[in-house]
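Analysis of the macromolecular model
The chain contents come next:
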Amino acid sequence: MGGTPKEEIDKQHQEAANIVNSGSMPCAKRVNRGEIPLRWKVCPTVEDPYFVKLQEEQMLQRVQEISSTELLSCDREEDGNNFDEMELVSTSTDDKGYRNPESCISSRGQVDVSDILQLIEEGCQDAAPTSQSTSEQLQKKQVSSATNLWDEVNAARNNVHVIRPSHDAWGIKKIVLMFCDDFLQTVYEMPWWHKKVGMKRAIQPILDKLNVEPNRLVRMLFASLPPGVTIPVHHDTGAWVKHTHRVHVPIAIQDSNKILFRCGPTPSTMQRVDCTPGHIFEMNNQAKHAVSNCHDSHHRVHLILDYVDVSFRIRQRIKLQPGETLLQTRRSIDRAADKGKRPTPTFMIIGAQKSGTTSIYEYLNQHPLVVRAKRRETHCLDWRWRTDLNTKLERRKHCLAFFHTKELAHHPSCLTGDSTPSYLLDSFRCIPRLKEVFAHDIKIIAILRDPIRRAKSHYEMVTSLDGTPEQIQNRGKEWLELTLEQVIALDFKNMNECGLIPYWNDESKTMNQSVFQAFVGSKEEDEAFKKYLEKYVPMGSGSHSIITRGMYELQLRQWFRAFDPDLFLVLKLEDMKHDGVHKTMKKVWAHLELPEYDIDDDTARNSRSYNDGMNAETRIMLQRFFEPHNQRLESLLGKEWAKPW
């Protein structure tokens with residue numbers, strides 16, 4: 001809606017004025033259809049294939065039946081009541097209610113709004129300020145009238161200042177009584193709702209008609225639409241829409257004949273709604289709707305409220321105090337008093353390399369409450385760790401510089417994180433540094449993959465010359481002249497040299513199970529692993545540890561010892577491919593305590609086409625080596641990891 005060009009809005013307003021002046025579109029008959037089921041609001045009605053097909057058929061029929069010179073007038077008349085068409089729609093499907101264009105509006109009752117009008121009448125006809133001011137600026141000004149609830153200075157000092165960007169730009173004033181974030185996590189009750197004498201009592205008859213308790217309300221405000229202004233055809237967007245019932249109640253209307261409020265499943269099937277003061281009507285705001293105030297000099301005031309079903313769980317309701325400041329983004333709302341409540345970063349994706357970490361990070365950043373770091377792989381705990389910094393404070397400041405730390409402090413409902421897949425392997429360096437610079441609990445995500453496929457993918461990436469100069473440099477050059485078998489043999493040699501795999505006979509390519517069981521998890525293994533990391537894990541190159549990176553239990557065990565296991569979410573790339581990205585992301589949203597969100601783009605990231613083939617002898621050897629390591633994942637991660645690959 002906010003992106004509708006001014007020329008288009010002007011055009012729609014002129015069309016609305018023509019309809020109002022000609023009287024060509026009478027109001028639809030009031031019908032109380034009860035509460036509009038939320039199952040009818042799963043998606044915008046205009047995207048419903050049924051209505052898309054219906055609109056196409058109607059357009060084709062008009063082209064066939066009328067001449068081009070009559071088309072314009074027909075387009076205007078078509079917005080009126082076409083009972084033959086509605087009859088056809090209502091009987092053409094089993095779901096009569098939803099498929100009927102009239103179903104987008106339900107008249108829920110009529111009430112006397114005179115008590116409400118007394119509370120909000122002062123100042124309702126005043127023009128909105130021509131420039132936008134911040135809460136801080138408004139709070140420094142003097143209130144001219146404490147009873148003028150439309151005055152933004154009064155609202156900022158005695159209520160709470162709320163921004164509605166599109167409406168503010170059109171000069172639509174508001175009196176906000178209740179507001180919530182886009183994901184319905186927190187409902188903010190304003191002082192003029194819970195403190196203003198007479199406000200609850202005046203609005204209660206409306207709630208009685210709706211049979212709605214106040215604790216189900218999530219948004220409630222008065223909106224004053226200036227004369228000569230049109231809110232163009234649109235449908236509401238945001239996660240809140242499909243969970244809420246939208247209700248309008250006209251309050252101050254000089255002449256209801258001058259108000260054109262239309263709603264319908266498609267622009268061509270919108271019907272006019274009766275805007276007589278006190279008419280309580282619910283609308284499906286996933287349907288197309290528009291409103292025009294065609295009066296020359298009077299504002300139109302509606303009470304607009306949204307409420308949830310009884311079964312819907314709201315995390316918290318907060319009663320704000322007069323003069324509090326809310327900090328808003330498009331999808332989030334936070335109290336200024338909560339500044340710094342969420343430390344940065346919130347999460348880290350620590351590995352494994354070539355197992356889908358880039359994809360998970362990119363999917364995460366599609367969530368409106370997730371803010372991308374300044375770079376995806378910060379490497380602030382390994383490659384970019386500053387050994388020249390002398391104090392903990394300096395090192396912490398250096399690591400925080402990779403995130404939008406200052407901005408995020410004002411928006412604790414938003415979060416950010418790091419995705420550096422080398423961290424999983426290099427635990428002896430990264431864990432102490434992490435504890436030093438980020439003392440708070442960080443949610444840790446690891447995603448694993450068949451270690452043999454991971455090794456092959458690792459080799460193909462590092463030896464590829466495709467990519468940016470920085471990517472090619474970071475991969476390293478150590479393997480460019482080596483075959484896959486040579487690289488594998490080199491890592492086995494390095495591990496043997498450090499005493500990390502005493503159970504493996506490199507000549508016969510066999511595993512001594514008794515030695516394996518005795519050695520794994522021992523102090524000797526920890527010391528050998530540390531020696532290996534110090535000697536054979538270089539900074540600034542990815543050409544190392546092709547086998548060691550697939551020894552997942554060994555790597556994860558170090559992290560699980562250092563941090564609360566509840567902080568970890570361990571995923572499997574194969575599950576994401578088999579069950580789908582959206583199912584995997586549900587686990588991620590839950591782990592990070594984010595509201596669920598359907599991402600738009602679920603394509604794999606940082607993937608490449610390569611020959612997945614491998615020498616049969618090499619594959620069998622790797623299966624023999626990795627099998628006992630894979631089996632140990634069950635004891636660390638649970639029964640679902642009994643046979644991971």
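This one's a predicted model, so the numbers in the text were calculated from it and none came from an experiment.

What counts and how
- One numbering rule holds for all chains: residues counted from 1, following each sequence as written.
- Under the rules for a predicted model, residues below a pLDDT of 70 receive no local features and side-chain atom pairs below 80 are neither given nor counted, while totals for whole chains, interfaces and linings still include all residues.
- Computation of side-chain values: all heavy atoms of the structure, hydrogens and water removed.
- A helix here means a DSSP run of H or I that spans at least four residues, while a strand means a run of E at least two residues long, and both kinds are numbered starting from the N terminus.
- For a helix, the expected span equals 1.5 Å multiplied by the number of residues minus one.
- Only protein chains enter the accessibility calculation, which uses a 1.4 Å probe; a residue whose area is less than 20% of its type maximum is buried, one above 50% is exposed, and one in between is partly exposed.
- Each C-beta atom gives one direction from the helix axis, and the arc is the one those directions make.
- We call two residues in contact when some of their heavy atoms are within 4.5 Å.
- Two rings from Phe, Tyr or Trp (for Trp, the six-membered ring) form a pair when their centres sit within 6.5 Å of each other. Planes less than 30 degrees apart are called stacked, planes more than 60 degrees apart edge-to-face, and all others tilted.
- Here, over-ring charges are defined by two tests on the NZ atom of lysine or the CZ atom of arginine: distance to the ring centre within 6 Å, and angle to the ring normal within 35 degrees.
- Two strands make a pair as long as DSSP finds a minimum of two bridges between them.
- To define axes, lines are fitted to C-alpha atoms, for helices over the stretch in contact only, and angles between the resulting N-to-C directions are given on a 0 to 180 degree scale.
- The rule for a disulfide is simple: a pair of cysteine sulfur atoms within 2.5 Å.
- The method works on a 1 Å grid over the protein atoms by themselves. A cavity is a set of points holding a 1.4 Å probe that cannot get out, a pocket is an open set with protein on both sides within 12 Å along at least five of seven lines, and residues with an atom within 4 Å of a point line them.
- Grid points are joined across faces, edges and corners, and a volume is the space filled by probe spheres set on the points.
- Under this grouping Gly is polar, as are all residues other than the nonpolar Ala, Val, Leu, Ile, Met, Phe, Trp, Tyr, Cys and Pro and the charged Asp, Glu, Lys and Arg.
- Here a polar contact is taken to be a pair of N or O atoms separated by no more than 3.5 Å, where protein atoms must pair a possible hydrogen donor with a possible acceptor and residues adjacent in sequence count only if both atoms sit in side chains.

Overview of helix α18 (residues 484–497)
With 14 residues, α18 ought to run about 20 Å at 1.5 Å a step, and its terminal C-alpha atoms sit 20 Å apart, in line with that. L484, V487, I488, D491, F492, N494 and M495 are the residues of α18 that are buried. Buried residues along α18 cover an arc of 160° about the axis, so they all sit on one side. On its buried face, α18 sits against α16 (451–462), β19 (504–505), α20 (523–536) and α24 (616–631). Phi turns positive one or two residues past the end of α18, at G499, with a value near 75°.

Observations concerning the packing of aromatic side chains
Applying the stated criterion across every chain, the model contains 15 aromatic pairs. Taking the centre distance of 5.3 Å and the plane angle of 75° together, the rings of F261 and F281 count as edge-to-face. One end of the pair, F261, is in strand β7 (residues 259–264); the other, F281, is in strand β9 (residues 279–283), with 20 residues separating them in the sequence. Here F261 falls in the buried class, since its relative accessible area comes to 2%. Their ring planes at 45° and their centres at 5.9 Å tell us that Y532 and Y536 sit as a pair that is tilted. Of this pair, Y532 and Y536 both sit in helix α20, separated by four residues, roughly a single helical turn. Assigned by exposure class, Y532 and Y536 land together as buried. By the ring-pair criterion, three or more aromatic residues cluster together here, those being F492, W504, F625 and F626. Above the face of the F179 ring, R219 is positioned so that its terminal group lies 4.8 Å from the ring centre.

As for the sheet that holds β9
The eight strands lie next to each other as β1-β9-β6-β11-β4-β2-β3-β12, forming an open sheet whose pairing is mixed. Sheet topology places β1 (105–110) and β12 (316–319) at the edges, where each strand pairs with a single neighbour. Each strand of the sheet is rotated relative to its neighbour by a mean of 25°, with strand direction disregarded. As defined by bridge partners, strand β4 (residues 217–225) adjoins strand β11 (residues 300–308) across eight bridges and the pair is classed as antiparallel. Note on β11: the bridge partner recorded for L225 is R300. Its contacts with the sheet place helix α11 (residues 199–210) against β1, β2 (173–180), β4, β6 (244–252), β9 and β11, and it is angled at close to 60° to β11.

Let's talk about the state of the cysteines
Cysteine pairs can be linked by a disulfide, which is a covalent bond between their two sulfur atoms. Applying the stated rule across the entire model yields zero disulfides. With no disulfide partner, C27 has as its closest neighbouring cysteine sulfur the one in C275, 6.9 Å distant. Relative accessible area serves as the criterion here: at 34%, C27 is assigned to the partly exposed category. Summary of cysteine pairing: C430 is not part of a disulfide, and the nearest cysteine sulfur, belonging to C380, is at 8.7 Å.

Observations concerning the sheet that holds strand β17 (residues 415–419)
Reading across from one edge, β16-β17-β15-β18-β21 is the order of the five strands in this open sheet, with parallel pairing throughout. The outermost strands of the open sheet, each flanked by one partner alone, are β16 (370–371) and β21 (568–572). In this sheet, strand β18 (residues 443–448) lies alongside strand β15 (residues 347–351) in parallel orientation, the contact comprising four bridges. Bridge pairing links F347 to K443 in β18. Against the sheet, helix α23 (residues 581–591) contacts β18 and β21, and its axis sits at roughly 175° relative to β21.

Quick notes on the side chain of N154
Relative to the assigned elements, N154 resides in helix α8 (residues 152–158). Assessed through its relative accessible area of 0%, N154 is described here as buried. Once residues within four sequence positions are removed from consideration, N154 is found in contact with V143, S145, A146, T147, N148, L149, N159 and W192.

So, empty space enclosed by the protein
The full count for this structure, using the stated rule, is seven cavities of 30 Å³ or more. Of the voids in this model, the largest cavity is the one considered here, and its volume is about 130 Å³. Along its surface, the largest cavity is lined by 15 residues, and A28, K29, I105, Q271 and R272 are the ones closest to its centre. Elements with a minimum of two residues in the lining of the largest cavity: β1 and β8 (271–272). Here the lining of the largest cavity is built from residues that sort into six nonpolar, three polar and six charged.

Focus: the environment of I105
For I105, the location among the structural elements is in strand β1. With a relative accessible area of 12%, I105 lands in the buried category. It is 7.9 Å that separates the C-alpha atoms of I105 and V273, two residues lying 168 residues apart in sequence.

Focus on the side chain of E553
Looking at the element boundaries, E553 is found in helix α21 (residues 552–562). Taking the relative accessible area as the measure of exposure, E553 reaches 5% and is therefore buried. A distance of 2.8 Å separates polar atoms of two side chains, one belonging to E553 and the other to R557. Sequence-distant contacts of E553, that is, excluding residues within four places in its chain, are made with V520, H629, R632, L633 and L636.

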